[in-house]
Amino acid sequence: MSNANEKRLAGEAAIRYVEDGAIVGVGTGSTVAFFIEALADLKHRIQGAVSSSEQSTAQLKKLGIPVLDLNATGPLTLYVDGADECDPFKRLIKGGGAALTREKIVAAASEKFVCIIDSSKRVELLGKFPVPIEVIPMARSLVGREIVKRGGQPVWRDGVTTDNGNWIIDVHGWQIVDPVALESELNQLPGIVTVGLFARRPADVVLIGDREM
Ligand SMILES: O=C[C@H](O)[C@H](O)[C@H](O)COP(=O)(O)O
């Protein structure tokens, strides 16, 4: 089966976690786009969605799904999002689409995180996909030097500005044996807004195509 078909199946399968009357946390990316399409069929049964990016907001609005402000909703029951890599413990690399900061916020506000992927995203060890890090622009070089000290090769995603007005550094060359420790350590560095490791708060459910991992 092609990756696109698996993404579609995963997006559609995640619908079974949506409860009547829910406010659904919605991630970003090509897999989530299938979920949003399927969610539109249920739009009269939900209150709306909290979006993790301008891209998802545009799609949600186009399909007539109300987009709500996280500050007004309180905790969410469900967050659905894709990933760039997923290890056997449901720990993830995210941020290939530069939406990692809002994604991590909405994930943190949600009781259950359902991650939807195609089988190419499954790995034993995280790190083949470069780890995205959102940085405050003036801290780009500082953060880059800190990454080099930790054995990574930082590459500035030149030309990309996040929805929050920041920049992205992609870190190549890490084989991440302890993603929780690395995420915690990087979170302490001045200038880093968000690390694209979702290990301290991994997914609760991973759907690869329409089957649960
Ligand atoms: O910033 C983007 C997100 O973290 C996406 O969830 C991730 O890049 C996966 O995207 P896709 O579903 O397009 O492979």
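For the protein, the name recorded in an unreviewed UniProt entry is Ribose-5-phosphate isomerase A, with Rhodanobacter thiooxydans as its organism. In its Subunit (unreviewed entry) section, the UniProt entry covering the protein states "Homodimer." Under Sequence similarities (unreviewed entry), UniProt gives the following word-for-word description of the protein: "Belongs to the ribose 5-phosphate isomerase family."

Brief notes about the overall build of the protein
In terms of helices and strands, the protein carries seven helices and 13 strands. In terms of C-alpha radius of gyration, the protein reaches 17 Å, essentially the compact-globule figure of 17 Å for 213 residues. Its C-alpha atoms give the protein principal-axis dimensions of roughly 50 × 35 × 30 Å. Looking at the protein as a whole, 47% of its 213 residues qualify as buried. Excluding contacts between residues fewer than 6 apart, the proportion of contacts in the protein whose partners are at least 24 apart in sequence is 74%.

So, the domain arrangement of the protein
Per the domain assignment, the segments of the protein are domain 1 (3-123 + 201-212) and domain 2 (131-196). Just the C-alpha atoms count here: the centres of domain 1 and domain 2 sit 24 Å apart. Residue-level contacts link 13 residues of domain 1 with 12 residues of domain 2. Take the side of domain 1 that touches domain 2: its biggest share by element is four residues, from helix α5 (residues 100-108). Along the lines of polarity and charge, the residues of the side of domain 1 that touches domain 2 split into four nonpolar, four polar and five charged.

Overview of the site of the ligand
Contacts to the ligand come from 17 residues, most closely from Gly29, Thr31, Gly82, Gly96 and Gly97. Of all the elements in the fold, those that place two or more residues in the shell around the ligand are α2 (30-40) and α5. Of the residues in the shell around the ligand, the class split is four nonpolar, nine polar and four charged.

Re unusual backbone geometry
Phi at Lys90 takes a positive value of approximately 65 degrees, unusual for a residue other than glycine. Among the secondary structure elements, Lys90 is positioned in the loop between β4 (85-86) and β5 (92-93). With phi around 70 degrees, Ala98 is a residue other than glycine that occupies positive phi space.

So, the packing of α2 against helix α3 (residues 54-62)
Interhelical geometry of α2 versus α3 gives an angle of 20 degrees and a closest axis separation of 10 Å. Here α2 is positioned roughly parallel relative to α3, judged by the angle of their axes. In the crossing of α2 with α3, the sense of the turn from one axis to the other is right-handed. Of the residues in α3, those touching α2 at Val32, Ala33 and Ile36 are Ser56, Gln59 and Leu60. For the contact of α2 with α3, the per-class residue count stands at four nonpolar, two polar and no charged.

What about the sheet that holds strand β11 (residues 197-198)?
A sheet is described by the order of its strands in space; here three strands give the open sequence β4-β5-β11, paired in antiparallel fashion. Every other strand in the sheet has two partners, leaving β4 and β11 as the edge strands with one partner each. In the sheet, β4 pairs with β5 via two bridges, with the strands oriented antiparallel. Residue pairing across strands places Cys86 opposite Leu92, the latter belonging to β5.

A closer look at the sheet that holds strand β10 (residues 192-195)
Pairing in this open sheet of four strands is antiparallel, and the strands run β8-β9-β7-β10 from one edge to the other. Strands at the two margins of the open sheet, each flanked by one partner only, are β8 (153-156) and β10. With strand direction ignored, the average angle separating the axes of adjacent strands in the sheet is 30 degrees. Pairing geometry for β8 and strand β9 (residues 167-172), over four bridges, is antiparallel. What sits directly across from Pro154, in β9, is Val171. The strands touched by helix α6 (residues 140-149) are β7 (131-135), β8, β9 and β10; relative to β9, the strand with the most contacts, the crossing angle is about 15 degrees. Set on the sheet, helix α7 (residues 179-187) makes contact with β7 and β10; between it and β10 the angle comes to about 165 degrees.

Rules of the game
Residues numbered from 1 in each chain as written. Predicted model: local features only at pLDDT ≥ 70, side-chain atom pairs only at ≥ 80, totals over all residues. UniProt positions renumbered as here; feature names shortened; annotations may be inferred. Helix = DSSP H or I, 4+ residues; strand = E, 2+ residues; numbered from the N terminus. Rg over C-alpha atoms; globule rule 2.2 N^0.38 Å. Buried ≥ 20, exposed ≤ 12 C-beta atoms within 10 Å, placed from the backbone. Contact = placed C-beta atoms within 7 Å. Domains from an automatic or database assignment. Nonpolar A, V, L, I, M, F, W, Y, C, P; charged D, E, K, R; others polar. Near = placed C-beta within 6 Å. Axes fitted to C-alpha atoms, helices over the stretch in contact; angles between N-to-C directions. Parallel < 35°, antiparallel > 145°, perpendicular 65-115°, else oblique. Left-handed = near helix turned anticlockwise from the far one by under 90°. Pairing = 2+ DSSP bridges.

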